[in-house]
Amino acid sequence: MYERLAARIRSEAPVALATVVAGPNVGAKLLIEPGGPPTGTLGDAELDRVVARDALAELEAARSGVRHYGPHGETTPEDLVDSPVVRVFVESHAPPPQMWIFGAVDFTAALARVAKVLGYRVTVCDAREVFATRRRFPMADEVLVSWPSPLFEERGARLGARDAVCILTHDPKFDVPAVVGALATDVGYIGVMGSRTTHDKRLARLAEAGVTAPEQLARLMSPIGLDIGARTPEETAISIGAEIIAHRTGRETPSLRRATGPIHG
């Protein structure tokens, strides 16, 4: 188990180690690797299943912490009578997922706050120095004054399925290069803000830029967010965060992209 753990850490592959720190079988361990069966046991098959499930969720957010269970994996052990509580420490080894937000607009600060709650490392990027400031976005891990293309050229290869690119600007000089750059990566989620009319115009500009492949355009979630009637920046940020979660987990949701009519009722 430790050899597999060490090998995955050295290769920067995500892995989690769950250890019983209180309750029955103190010291028992379970090694969890995405896409593969767990190694080891915490002493009960159902407990192993539930902890492995929860450990994958913690790994997605690159978080470590203690979770509490009943002896057979019950997730509300406080409701059990005369049953010991099993405390399990889940140690995650994974870099936090990345969220790149293009456009230093009113919605950006709200989305950055929601992204931090979800465990993302947040980068805000805008070419306008007067707007892309640390003072406006103190919750972001990084605020860059840059056009999209240099950022994608320098770091785009690092983006993967756990990461997200959100393009909140309506400026064609900025959003088209951002979309083109994002489509050239393996990022898991690409969301673009704007009405259906705005998106239709954007598709025309993308065609002029040489982006016409249906499978590429299908990656764009636009209008961005779930269809929950969001109006304020904070509500919109929650709808975007929820759509990212649903997109990552493969759930069918009332996405604005799949709906019809005005995005604001």
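Scroll up to find the structure this text is about.
Since the model is a prediction, treat every value here as computed from it, not as a measurement. (Residues numbered from 1 in each chain as written. Predicted model: local features only at pLDDT ≥ 70, side-chain atom pairs only at ≥ 80, totals over all residues. Heavy atoms only, no water.)

A.B. asks: In this structure, what is going on with the packing of helix H4 (residues 148-155) against helix H5 (residues 172-183)? I would like to understand it.
C.D. replies: The description of two helices packed together rests on the angle between their axes and the distance between the axes. Between H4 and H5, the least distance of the axes is 8 Å, while the angle of their chain directions is 15 degrees. Considering the angle they form, H4 stands roughly parallel to H5. H5 is crossed by H4, and the crossing has right-handed handedness. Residues Pro148, Ser149 and Phe152 of H4 touch H5, and the partners they reach there are Phe174, Pro177, Ala178, Gly181 and Ala182. (Axes fitted to C-alpha atoms, helices over the stretch in contact; angles between N-to-C directions. Helix = DSSP H or I, 4+ residues; strand = E, 2+ residues; numbered from the N terminus. Parallel < 35°, antiparallel > 145°, perpendicular 65-115°, else oblique. Left-handed = near helix turned anticlockwise from the far one by under 90°. Contact = heavy atoms within 4.5 Å.)

A.B. asks: Help me understand the packing of aromatic side chains, please; the structure alone is not making it clear to me.
C.D. replies: The relation between two aromatic rings is expressed through the spacing of the ring centres and the mutual angle of the planes. In total, this model carries five aromatic pairs according to the counting rule given. An angle of 55 degrees between the planes, with centres 5.3 Å apart, marks the rings of tryptophan 100 and phenylalanine 152 as tilted. Placement of tryptophan 100 in strand S6 (residues 98-102) and of phenylalanine 152 in helix H4 is noted, with a sequence separation of 52 residues between them. Here a set of aromatic residues connected by ring pairs shows up, and it is made of Trp100, Phe102, Trp147, Phe152 and Phe174. (Phe/Tyr/Trp six-rings, centres within 6.5 Å; stacked < 30°, edge-to-face > 60°.)

A.B. asks: Hey, could you run me through the sheet that holds S6 in this one?
C.D. replies: Strand pairing within a sheet occurs via backbone hydrogen bonds; the two strands may be parallel or antiparallel. Taken together, six strands build an open sheet; the order of strands is S8-S7-S6-S9-S10-S11 and the sheet is parallel. Because the sheet does not close on itself, it has two edges, and the strands there are strand S8 (142-145) and strand S11 (220-221). The pairing of S6 with strand S9 (residues 164-167) spans four bridges and is parallel. The residue bridging phenylalanine 102 from the neighbouring strand is isoleucine 167, located in S9. In this fold H4 packs onto S6, strand S7 (121-126), S8 and S9, with an angle of close to 160 degrees to the strand it touches most, S6. (Pairing = 2+ DSSP bridges.)

A.B. asks: Explanation requested: H4 in the structure shown.
C.D. replies: Within H4, burial applies to Pro148, Leu151, Phe152 and Arg155. Across the axial projection of H4, the buried residues extend over an arc of 95 degrees, all falling on one side. Those residues of H4 that are exposed and aimed more than 90 degrees away from the buried face are Glu153 and Glu154. Buried residues belonging to H4 abut S6, S7, S8, S9 and H5. (Buried < 20%, exposed > 50% of the residue type's maximum accessible area, 1.4 Å probe, protein only. Arc of directions from axis to C-beta.)

A.B. asks: Would you mind going over helix H3 (residues 106-117) with me for this structure?
C.D. replies: Taken together, the buried positions of H3 are Thr108, Ala109, Ala110, Leu111, Ala112 and Ala115. Looking one or two residues past H3, glycine 119 carries a phi angle of roughly 95 degrees, positive in sign.

A.B. asks: Help me understand the pairing of S9 in this model?
C.D. replies: Consecutive side chains along a regular strand alternate between the two faces of the sheet. Burial of the side chains of S9 extends over both faces: Ala164 and Cys166 are buried on one face and Val165 and Ile167 on the other. Pairing between S9 and strand S10 (residues 189-192): four bridges, direction parallel. In the strand pairing of S10, cysteine 166 is matched with glycine 191.

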